[in-house]
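So the chains spell out like this:
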Amino acid sequence: MWKLQSLRNLIEAAVPDLKANPENLIVLASAGRAVSAMGKSLSFEYAYTIEVSVLDFTGHTDALFVPLIAWLRVHQPELLLNPTSQATGLQFQVELLNTAGADIGIRVPVTERVIVTPDPDHPTRLICDHPAEPQVIGTNRLPEHWQLWLKDQLLAEWDIPTPPEEARFVL
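Residues numbered from 1 in each chain as written. Predicted model: local features only at pLDDT ≥ 70, side-chain atom pairs only at ≥ 80, totals over all residues. Heavy atoms only, no water.

Colleague: When you look at helix α1 (residues 2–14) in this model, what are you seeing that I'm missing?
Modeller: Note on helix geometry: an α-helix contains 3.6 residues per turn, so any two residues three or four positions apart are oriented the same way. Helix length check: α1, at 13 residues, gives a terminal C-alpha distance of 18 Å against a target of 18 Å (1.5 Å per residue), a fit within 8%. Considered for burial, the residues of α1 that qualify are Lys 3, Leu 4, Ser 6, Leu 7, Arg 8, Leu 10, Ile 11 and Ala 14. The inward-facing, buried residues of α1 abut α2 (16–20), β1 (25–35), β2 (44–57), α3 (62–75), β4 (102–118) and β7 (153–160). (Helix = DSSP H or I, 4+ residues; strand = E, 2+ residues; numbered from the N terminus. Expected span 1.5 Å × (residues − 1). Buried < 20%, exposed > 50% of the residue type's maximum accessible area, 1.4 Å probe, protein only. Contact = heavy atoms within 4.5 Å.)

Colleague: Can you walk me through α3 in this structure?
Modeller: Its 14 residues place the ends of α3 19 Å apart at the C-alpha level, agreeing with the 20 Å of an ideal helix rising 1.5 Å per residue. Across the 14 residues that make up α3, a large majority, 10, are buried. Residues Ala 63, Leu 64, Phe 65, Pro 67, Leu 68, Ala 70, Trp 71, Leu 72, Val 74 and His 75 constitute the buried set of α3.

Colleague: What should I look at first to understand the environment of Glu 112 in this one?
Modeller: Within the secondary structure, Glu 112 is located in strand β4. With 19 residues separating them along the chain, Glu 112 and Pro 131 place their C-alpha atoms 8.1 Å apart. With residues near it in sequence (within four places) discarded, Glu 112 still touches Met 1, Trp 2, Lys 3, Leu 4, Phe 44, Glu 45, Tyr 46, Tyr 48 and His 130. Of the polar contacts made by the side chain of Glu 112, one reaches the side chain of Tyr 48; its length is 2.3 Å. (Polar contact = N/O pair within 3.5 Å; in protein donor to acceptor, adjacent residues only side chain to side chain.)

Colleague: Sorry, what's going on with the packing of aromatic side chains here?
Modeller: The description of two aromatic rings rests on the distance between their centres and on the angle between their planes. Going through the model one piece at a time under the given rule, you end up with three aromatic pairs. For the ring pair Phe 65 and Phe 92, a centre distance of 5.1 Å and an interplane angle of 65 degrees mean the geometry is edge-to-face. Of the two residues, Phe 65 sits in helix α3 while Phe 92 sits in strand β3 (residues 91–96), which places them 27 residues apart along the sequence. For Phe 65, a relative accessible area of 15% corresponds to the buried category. Residue Phe 92 is classed as exposed on the basis of its relative accessible area, which comes to 53%. Ring geometry for Trp 146 versus Trp 158: centroids 5.7 Å apart, planes at 10 degrees, classification stacked. Here Trp 146 is found in strand β6 (residues 144–150), whereas its partner Trp 158 is found in strand β7, with 12 residues between them in sequence. (Phe/Tyr/Trp six-rings, centres within 6.5 Å; stacked < 30°, edge-to-face > 60°.)

Any link to function would need more than the numbers given here.
And the structure:
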């Protein structure tokens, strides 16, 4: 389940306070299922909810949500394209701890395809491939470096690399 680690990496990179206090970031998968049909292959899909807890957060909430929405555009675009998913897909709750800090919980439903094929070089070996999400036509496929500013204050900073299947092409 690579989306779990991918989202954690993004939040760690985007929120500077978490580098100093990594224990304040908890990322886990819940409501997980492996969805398969009785097809010709053993291919299946993981479906689960990523639950992110940011404890004692004192920054601006935009520093969490803007990178998250940028991540969704690449890794789970149907949450932004489908009106039903838009209304229920990205959920959060906030518990104010005091005038400066809050615990923030974020829930993101995701899916990941796993394509299972026989290894042509070995009769009893299977190969699992985790393909990237199909991309929305017209989106930028170059590596991106993002900064989020509120007036003259840098709130967050992160990178979105070119997907590996496209990185080999010179654009």
